[in-house]
Amino acid sequence: MSKLTATERLALVRLKNRPTVNDYIPLIFNRFTELHGDRYYGDDPAILAGVATFHSIPVTVIAQVKGRDIEENKRTNFAMPHPEGYRKALRLAKQAEKFRRPVICLVDTPGAFCGIEAEERGQGEAIARNLMEFMSLKTPIISIILGEGGSGGALALAVCDELAVLENALYSVISPRGFASILWKDPTREKEAAELLKITSEDMLRFGVAEKIIAEPAGGAHNDCRLTADNIAEYLIEAVRRLSALDTETLLANRYEKFRKIGEFTE
């Protein structure tokens, strides 16, 4: 298991050459067909979604897109989805429910876009609706944190039956920079905030937020994208088959209990 600090992992997951969903999807899934639009406003390139096969099993894939260069980052809004992206995700999740296709969410975002236009189009409502609808979706949902899992922007695709986290990925209620800006009024204390937030994969497993840590190659996923993809696929095939074997009542009851236990404490 990685011995890197949260600060070191934060730098690692922001490397330009760290694999993105555009690298993983062709290595893990077959016959991926992208679907576009939320049927309300438009399409959001920050969320890539469609139907694929995985070991001959039809699945719906919903993924947040990080860019490798400035042009791709501009096109995908630096992986910060607008409300139409979350509505597209929900549209495809509901379609998956109709056909009992497992939903696989690949999460990698610093957070939802907080610009004025996003707020005007209902960013908060779009995220809240995803939280509500995914909780009762009558088909298996598996979410994997690939790099950054920032705040509600990540949680909107992480209400699931099982959450897996890549070894060096981070999952946080707020970005370290946002934490430092609000608590200390000093965004330059981002590294200090990263250590205090307890946001590493080991933290998530210990707190019961995540069920699985997926190993990365020595030095990080960018050192061997195919090996990382193979590790993801190995986890997914077991999880998809196991969750698909559950009846709907048990699936939903287990999902409810998963989230009820998060944040438990004793005095």
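Scroll up to find the structure this text is about.
Described below are features of the structure shown in this document. Here the residue numbers are simple positions, counted from 1 along each chain's written sequence. Residues qualify for local features only when their pLDDT is at least 70, as the model is predicted, and side-chain atom pairs are given and counted only at 80 or more; totals for whole chains, interfaces and linings, by contrast, use all residues. Processing note: side-chain calculations cover all non-hydrogen atoms of the structure and skip hydrogens and water entirely.

1. Re the overall build of the protein chain
What counts is decided by this rule: Each helix corresponds to a stretch of at least 4 residues labelled H or I by DSSP, and each strand to a stretch of at least 2 residues labelled E; elements are numbered beginning at the N terminus. The buried label applies to any residue whose accessible area, calculated with a 1.4 Å probe on protein chains only, is under 20% of its type's maximum; exposed applies above 50%, and partly exposed to all values in between. In what follows, residue pairs with any heavy atoms lying within 4.5 Å of each other are defined as contacts. Values of accessible area rely on a 1.4 Å probe in the Shrake-Rupley scheme; residue burial ignores everything except the protein chains shown. Note on charges: Lys and Arg go in the positive column, Asp and Glu in the negative column, and His and the chain ends are not counted at all. Charge positions come from single atoms, namely NZ of Lys, CZ of Arg, CG of Asp or CD of Glu.
On a plain count of helices and strands, the protein chain comes out with 12 helices and eight strands. Projected onto the principal axes, the alpha-carbon positions of the protein chain cover approximately 50 × 45 × 40 Å. Here the protein chain holds 267 residues, and the buried ones make up 53% of them. Partitioning the intrachain contacts of the protein chain with sequence separation of at least 6 by distance along the chain shows that 72% fall at a separation of at least 24. Here the protein chain has roughly 12400 Å² of accessible surface; of this, 56% comes from carbon and sulfur atoms. Averaging the coordinates of the 35 positive side-chain charges in the protein chain and doing the same for the 38 negative ones gives two points 2 Å apart.

2. Topic: the pattern of salt bridges
Two side chains that carry opposite charge are able to pair once their charged atoms sit near each other. Convention followed: A carboxyl oxygen of Asp or Glu within 4 Å of a side-chain nitrogen of Lys or Arg is what we treat as a salt bridge.
Applying the stated rule across the entire model yields 22 salt bridges. For Arg 129, the salt bridge identified is with Glu 133, shortest N-O distance 3.9 Å. Linking Arg 129 with Glu 133, this pair stays in helix α6 (residues 123-135), spanning four residues, or about one helical turn. For Arg 129, a relative accessible area of 38% translates into the label partly exposed. On the basis of relative accessible area, Glu 133 is assigned to the buried category, the value being 18%. Several salt bridges converge on common partners, so that one network encompasses Arg 14, Lys 66, Asp 108, Glu 148, Arg 177 and Glu 190.

3. Some words on the packing of aromatic side chains
Aromatic ring pairs are described here by two measures, namely the spacing of the ring centres and the angle between the planes. The condition that has to hold: Here a pair means two rings of Phe, Tyr or Trp (six-membered ring of Trp) with centres within 6.5 Å. Their orientation is stacked below 30 degrees between planes, edge-to-face above 60, and tilted elsewhere. Over a ring means this: the NZ of a Lys or the CZ of an Arg is within 6 Å of the ring centre and within 35 degrees of the ring normal.
Following the criterion strictly, the structure yields two aromatic pairs and no others. Each ring, one from Phe 179 and one from Trp 184, has its centre 5.3 Å from the other, and the planes form 80 degrees; the classification is edge-to-face. Over the ring of Tyr 41 we find Arg 121; its NZ or CZ atom is 4.2 Å from the centre of that ring. In this structure, Arg 206 is placed above the aromatic ring of Phe 207, and the distance from its NZ or CZ to the ring centre is 4.9 Å.

4. What about the nonpolar core?
Heads up, the condition is: Remark: nonpolar core denotes a set of buried residues (Ala, Val, Leu, Ile, Met, Phe, Trp, Tyr, Cys) joined through side-chain atoms within 4.5 Å.
Counting 63 residues, the largest nonpolar core has Phe 29 and Leu 236 as its most contacted members. Counting residues per element, this core draws most heavily on helix α11 (residues 225-244), at 10 residues. In this view, Leu 236 contacts Ile 28, Phe 29, Phe 54, Ile 104, Ile 142 and Ile 144; residues no more than four positions away in its chain are not counted. Counting residues in hydrophobic clusters, the runner-up holds seven residues, among them Leu 10, Leu 170, Ala 180 and Ala 193.

5. Quick look at the environment of Asn 168
Positionally, Asn 168 belongs in the loop between β6 (162-166) and β7 (170-172). When its relative accessible area of 3% is taken as the criterion, Asn 168 is described as buried. When the C-alpha positions of Asn 168 and Leu 106 are compared, they lie 15 Å apart, and in sequence the two are 62 residues distant.

6. A short note on unusual backbone geometry
Positive phi values are uncommon outside glycine, yet Ser 151 reaches one of about 55 degrees. One can find Ser 151 in helix α7 (residues 151-155). Its identity as a non-glycine residue notwithstanding, Lys 198 has a phi of 60 degrees, on the positive side. If you trace the backbone, Lys 198 turns up in the loop between α9 (190-197) and α10 (201-207). Given the relative accessible area of 41%, Lys 198 is considered partly exposed.

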